[in-house]
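Each chain, letter by letter, is given below.
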Amino acid sequence: MRKAARMQSVLSLAVPLAALCLALVLAAGPASAATRADLARESTLEQVLQRGVLRVGFSTFVPWAMQDKRGEFVGFEIDVARRLAQDMGVKVQFEPTQWSGIIPALLSGKFDIIIGGMSIQPQRGLKVNFSIPYEYSGMSLVAGRKLAGTLKTLADFNKPGVILAVRQGTTAVDAARKHLPKAQVKFFDNEAQTIQEVLNGRAHAVVASEPFPAFQALRSPDKLFLPVAKAFTREPIAFAVRKGDPDFVNFLDGWIRVATDEGWLEERHAYWFRTNAWKGLVE
């Protein structure tokens, strides 16, 4: 009798519990669907796929990104952006932007991603999310024979009275201040202006990412030279996207690993950085 009573009691509790569980499951369905919809709206990756266009922010740096004789964009970063869009099954739309304002433009939604030789920096990481590196760069010097012909080492340029021209908003600014703190630094909007400053005899040298200094020295060997044979910094280059979008970063990291393992990234980098086969496109 007691056993039957206990069984009846358990059954009386089981029915409400089952009903409660069913109600929770039914309630979770719409909530889960709503959550997925919210994630889709917030995901840049999902928006790009729905739009069918990947909007790429970049600034011109030789040979990362340049305009050819026809006005079309070419360069290592342009190849990377085109391949990335192709693998996503979407078109690519290039948004040339002043380097000093490229992160604010990304955050404002002007484009979806920065593919522009941007190195991973802690200060930048406070504003954007970075992928894993897909390339490495470094800072070097190209100097004018007129003012700096007798300067042969990095230490020679770290003296009062030495004037360095750098492109503002780039890591060249930090490199100059860290490694050449005693020199005077002058800021310009683009690297063409920095080189002109040296050619005109108003600055001793330009601090810039490789291989720009080497290309300039080859172009004007009678006026420019490389006082330091190797880069004096090493910087990881990565894609930058808006914060709060782990799906996009995860996709980009996977893409970089595949393109690296295929040897495609190395092949394109070798073409743009170790040969001059492309110079006929821009000169």
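The structure displayed is predicted, hence computed values, not measured ones.

## Overview of the pairing of strand S1 (residues 53-58)
- Burial analysis of S1 places six of its six residues in the buried class, which makes it a mostly covered element.
- As paired elements, S1 and strand S4 (residues 91-96) share six bridges and run parallel to each other. If you follow Arg-55 over to S4, its bridge partner there is Gln-93.
- Pairing between S1 and strand S5 (residues 113-114): two bridges, direction parallel. Residue pairing across strands places Gly-57 opposite Ile-114, the latter belonging to S5.

## Notes on empty space enclosed by the protein
- This structure, assessed with the given rule, holds one cavity of 30 Å³ or more.
- Approximately 160 Å³ is the volume found for the largest cavity.
- Considering the residues around the largest cavity, the lining is formed by 18 residues, among which Phe-61, Gly-117, Thr-170, Thr-171 and Ser-209 are closest to the centre.
- For the lining of the largest cavity, the elements supplying multiple residues, two or more each, are helix H8 (171-179), strand S11 (205-209) and strand S13 (235-237).

## Description of the packing of aromatic side chains
- In this structure the tally under the stated criterion is 14 aromatic pairs.
- Each ring, one from Phe-76 and one from Phe-273, has its centre 5.8 Å from the other, and the planes form 80 degrees; the classification is edge-to-face. Of this pair, Phe-76 sits in helix H3 (residues 76-88) while Phe-273 sits in helix H12 (residues 264-274), and the two are 197 residues apart along the sequence.
- On the basis of relative accessible area, Phe-273 is assigned to the buried category, the value being 14%.
- Through successive ring pairs, a cluster of aromatic residues spans Trp-64, Phe-76, Tyr-134, Phe-239, Trp-255, Trp-264 and Phe-273.
- It is Arg-167 that lies over the ring of Phe-61; its NZ or CZ is 4.1 Å from the centre.
- The ring of Tyr-136 is capped by Arg-234, whose NZ or CZ atom sits 4.0 Å from the centre of that ring.

## Some thoughts on the confidence of the model for the chain
- The pLDDT averaged across the chain works out to 87; a share of 86% of its residues lies at or above 70.
- Across residues 1-7, where pLDDT falls below 50, the model places zero contacts with residues more than four positions away in sequence or in other chains.
- A low-confidence stretch, residues 9-15 (pLDDT under 50), is modelled with zero contacts involving residues beyond four sequence positions or located in other chains.

## Focus: the pattern of salt bridges
- Applying the stated criterion across every chain yields a total of eleven salt bridges.
- For Arg-51, the salt bridge goes to Asp-112, with nearest N and O atoms at 2.9 Å. With Arg-51 in helix H2 (residues 44-51) and Asp-112 in the loop between helix H4 (102-107) and S5, the pair connects residues that are 61 residues apart, well separated along the chain.
- For Arg-51, a relative accessible area of 35% puts it in the partly exposed group.
- Linked through salt bridges whose partners overlap, the residues forming this network are Arg-51, Arg-55 and Asp-112.

The rules behind these values
- Residues numbered from 1 in each chain as written.
- Predicted model: local features only at pLDDT ≥ 70, side-chain atom pairs only at ≥ 80, totals over all residues.
- Heavy atoms only, no water.
- Buried < 20%, exposed > 50% of the residue type's maximum accessible area, 1.4 Å probe, protein only.
- Helix = DSSP H or I, 4+ residues; strand = E, 2+ residues; numbered from the N terminus.
- Pairing = 2+ DSSP bridges.
- 1 Å grid on protein atoms, 1.4 Å probe; cavity = no way out; pocket = protein on both sides within 12 Å on 5 of 7 lines; lining within 4 Å.
- Points joined across faces, edges and corners; volume = space filled by probe spheres on them.
- Phe/Tyr/Trp six-rings, centres within 6.5 Å; stacked < 30°, edge-to-face > 60°.
- Lys NZ or Arg CZ within 6 Å of the ring centre and 35° of its normal.
- pLDDT = per-residue confidence, 0-100.
- Contact = heavy atoms within 4.5 Å.
- Salt bridge = Lys/Arg side-chain N within 4 Å of Asp/Glu carboxyl O.

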